[in-house]
Amino acid sequence: MFRRVLRLGLTPGRPNRGLRTRRGGFILDWDAKVSDFKKKIECMLPGKQWGMPYDTSYLPPKQSDVVIIGGGILGLSVAFWLKKMESSRGAIRVLVVEQDHTFFFSQYSRASSTGPSVGGIWQQFSVPENVQLSLFSINFLRNINEYLAVVDAPLVDLQFNPSGCLLLASEKNAATLESNVKMQRQEGAKVCLISPEQLQNKFPWINIEGVALASYGMEDEGWFDAWSLFQGLRRKVQSMGVLLYQGEVTRFITSSRQMETTSGEQVVLRRIHEVQVKMNNSLEYQPVECAVVINAAGAWSGQVAELAGIGKGLPGTLQGTKLPVEPRKRYVHLWHCPQGPGLETPLVADINGVYFRREGLGSNYLGGCSPTEEEEPDPTNLEVDHDFFQNKVWPHLVQRVPSFKTLKVQSNWAGYYDYNTFDQNGVVGPHPLVVNMYFATGFSGHGLQHAPGIGRAVAEMVLEGQFKTIDMSPFLFNRFYLGEKLQEYNIL
Amino acid sequence: MAAPRAFLRLGAREWNGRARAIHGPREPVTPDSNQKRRTLLQFLSDHFHDVQALREYLLQKQASRVNWKNRSFPNIQQKYGPDVTGALFILKQGGAVKFQDKEWIRPNERGRFPTEFLTFREVPVEAVDASGCAINYQGMSNLLPLKELRSLSLQRCPNVDDWCLSRLYLLANSLQELSLAGCPQVSERGLACLHHLQNLRRLDISDLPAVSHPGLTQILVEEMLPHCEVFGTDWTRGPKLEAERPPRDTPSPVCP
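Okay, so let's go over this structure. (Residues numbered from 1 in each chain as written. Chains lettered and ligands numbered in written order. Predicted model: local features only at pLDDT ≥ 70, side-chain atom pairs only at ≥ 80, totals over all residues. Heavy atoms only, no water.)

1. Brief notes about the nonpolar core
Rule in force here: Definition used in this section: a nonpolar core is a set of buried Ala, Val, Leu, Ile, Met, Phe, Trp, Tyr and Cys residues joined via side-chain atoms within 4.5 Å. Type-normalised accessible area, obtained with a 1.4 Å probe on protein chains alone, sets the label of each residue: buried when under 20%, exposed when over 50%, and partly exposed for intermediate values.
Of all hydrophobic cores here, the largest spans 113 residues; its most connected members are I68 and I294 of chain A together with F117, L152, L178, L191 and L203 of chain B. Counting residues in hydrophobic clusters, the runner-up holds 32 residues, among them I69, V277, A297 and Y416 of chain A.

What follows is the structure, given as structure tokens:
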């Protein structure tokens, strides 16, 4: 009996938990605790360096199997799927590092792109994998309370508006739109083509001048509250045991190896051993030993990739191919128009990139426009340029919806896109040379709606070595070196 | 036997208590954790993995029970056709069905219903009364092939939400009467996608607790569906007295 008691209570690291307490207990990270304790005892012994033990609970742990850089929607989605797909409970230790300490409790912080996002989701893409990602994401959102259920926590209310998405096309884009819709319907999206006359009947407030064809999503499209999704995900991953810490990644400790490919070429393979996480407003940092690093840093992924040595080489070689993701500023405007379109308004995306949607019951509308390359605003700050709305957005809005002539702007804000300058589509998967860095970034405005699908794809890649459900191989890093663009027809 | 184990558990908690005092609280304070009153079950769940696992399992079972009720019947669909399948689905859930030119078929208090409708060939279902049933998004796929459905009543259905309403556009050609009274999960966002139902003549959206502004929502829905008569909150009148309510206008032919 005594032996059984010993086995139950005092053996660390048993595979099944038995009757154990949850907060600490004998088994939670026992080895690390023992080595910590030994260090503390050592520094108290005479003859050693006196290092007074102090509270380090604000520092991230010294070791973690997976470090996810970036605590926005993509980072949390990857953490969620890693924990969901792990082989046994507590098998993988995941650490999420986010540089902005206000982000976790205020959606108005701007370091991440999740807070200021418009929150739309639609399946009308030209790349089939994007359509599949969207379909999976809408399934995830519909069953969100089954996925993100935490005992005793309130249900996640996404405030989803299933009003659909309307894409307008002019004469020269009509053929592309038609073939896209055909592909989307094959994948299972419920999108239909509408002629201008049908459009005028359905939505009398629209001006069909210049519209040759339109595609309308009947179901599974609309917009939702990104912040409640983020909060729900955060609660769930915390309950699954993922550690969320604030800090900025400043350095990677890597080791390199010269290897020869099958064709006799010499390549240098690099492996990240440690991530140095620096605390806010101080020089203190914590080196975190890790096995896998996931770059989900959004608009700042390019800088993080440079820290790992990606892009340091002769241009034109794989060594010298940088991660082409940079922050781009985008504005969102909120206006009020009492005579505006009614309750049935979908998310309307006009021919020239102007989009808008309804917000709430009180005749408020949200919208914006993607600027052309020449008009790109300066991404060093998040100041809103009010002339942009006056000159670039309003004229097009009035031309498409005449009742918007009397609109009155209520507020504006700006946010960053993690803009992929190569082809405006995301990067997913491992880097060919830095073997343990995986990317989940660069989605240029679609990151939020594809987050569940991308998280699952990255988790499959990390845990099983290949994409199992959606084949994301067109999104791998290699395409930047090989020059194969994965062009998307319409970017909102 | 149990005493040494209990002693060990107590020891662990004491150790943790002291450790917590040194390190301070770990988790960031969220608005959810501010509840002062925790029930015994929640307290046990916080401190024991097994209670937590059991509660998670029970939560999962609840969800899978609803999903089982809303399963589809592919064999019956193949053998008897979509109308009979839809009728069977509704009757199993406890609702009532009316075939064209036939009487209403309802299950009795025991849940039994007459099965003569299995012999109906090519008779479309005209009206469905799914009040109080556990129908959800998944279960709606049994109702959507009923192309001649004229009246649908989803009163007080606890699992009907905005997602379900977004599927109703498939019944747009035939649906004339829809009732959503008392559904706790339907909000104005779901009502916005009813604009596809252009043949709708009667819509009941009274008593929807999730709608934030019932009066304003009713005005917007009336604007959206100009040919439809919308019954919602009676906001034009003051406090409602039973005797003062005007008699309802001509009842629709398919009203149960």
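2. Notes on the pattern of salt bridges
Residue and element names in this part refer to chain A. Applicable threshold: One speaks of a salt bridge when a side-chain nitrogen belonging to Lys or Arg is within 4 Å of a carboxyl oxygen belonging to Asp or Glu. Segments assigned H or I by DSSP are reported as helices when at least four residues long, segments assigned E as strands when at least two residues long, and all are numbered from the N terminus.
Summed over the entire model, instances satisfying the criterion amount to 19 salt bridges over all chains. A salt bridge links K62 to D36, with the nearest nitrogen and oxygen atoms 3.7 Å apart. Pair noted here: K62 is in the loop between α2 (30–44) and β1 (63–69) and D36 is in helix α2, with a separation of 26 residues, a long-range link.

3. Some points on unusual backbone geometry
One non-glycine residue, D152 of chain A, lies in positive phi territory at about 75 degrees. Locating D152 of chain A in the fold gives a position in the loop between α5 (144–147) and β4 (165–169). Note on D152 of chain A: relative accessible area 31%, which makes it partly exposed. The residue D101 of chain B is not glycine, and still its phi comes out positive at about 65 degrees.

4. Considering empty space enclosed by the protein
Any empty space left between atoms is shown by rolling a water-sized probe over those atoms. Residues and elements named next belong to chain B. Just so we agree on the cut-off: Detection works on a 1 Å grid of protein atoms alone, calling trapped sets that fit a 1.4 Å probe cavities and calling open sets with protein on both sides within 12 Å along at least five of seven lines pockets, with lining residues defined by an atom within 4 Å of a point. Grid points are joined across faces, edges and corners, and a volume is the space filled by probe spheres set on the points.
Taken as a whole and judged by the stated rule, the model has six cavities of 30 Å³ or more. Computed from the structure, the second largest cavity encloses a volume of approximately 60 Å³. What lines the second largest cavity is simply I205, S206, D207, L208, V211, P214, T217, Q218, G232 and T233.

5. Concerning the environment of I92 of chain A
Residues and elements named next belong to chain A. Put simply, the rule reads: Two residues qualify as a contact provided that any one of their heavy atoms is within 4.5 Å of a heavy atom in the partner residue.
Its place among the elements puts I92 in the loop between α3 (73–84) and β2 (94–98). In this structure, the C-alpha to C-alpha distance between I92 and L233, residues 141 residues apart in sequence, is 18 Å. With residues near it in sequence (within four places) discarded, I92 still touches D65, V66, L82, K83, E86 and L463.

6. Thoughts on the sheet that holds strand β5 (residues 191–194) of chain A
Residue and element names in this part refer to chain A. Put simply, the test is: For two strands to count as paired, DSSP must find a minimum of two bridges between them. The axes used here are C-alpha line fits, helices contributing only the stretch in contact, and every angle between their N-to-C directions lies in the interval 0 to 180 degrees.
A sheet is described by the order of its strands in space; here eight strands give the open sequence β5-β6-β4-β13-β14-β15-β12-β16, paired in mixed fashion. Only two strands of the sheet have a single neighbouring strand rather than two, namely β5 and β16 (408–420). Recorded for the sheet is a direction-independent mean angle of 20 degrees between the axes of neighbouring strands. Pairing of strand β13 (residues 347–349) with strand β14 (residues 354–359), which is carried by two bridges, proceeds in the antiparallel orientation. Note on β14: the bridge partner recorded for V348 is F356.

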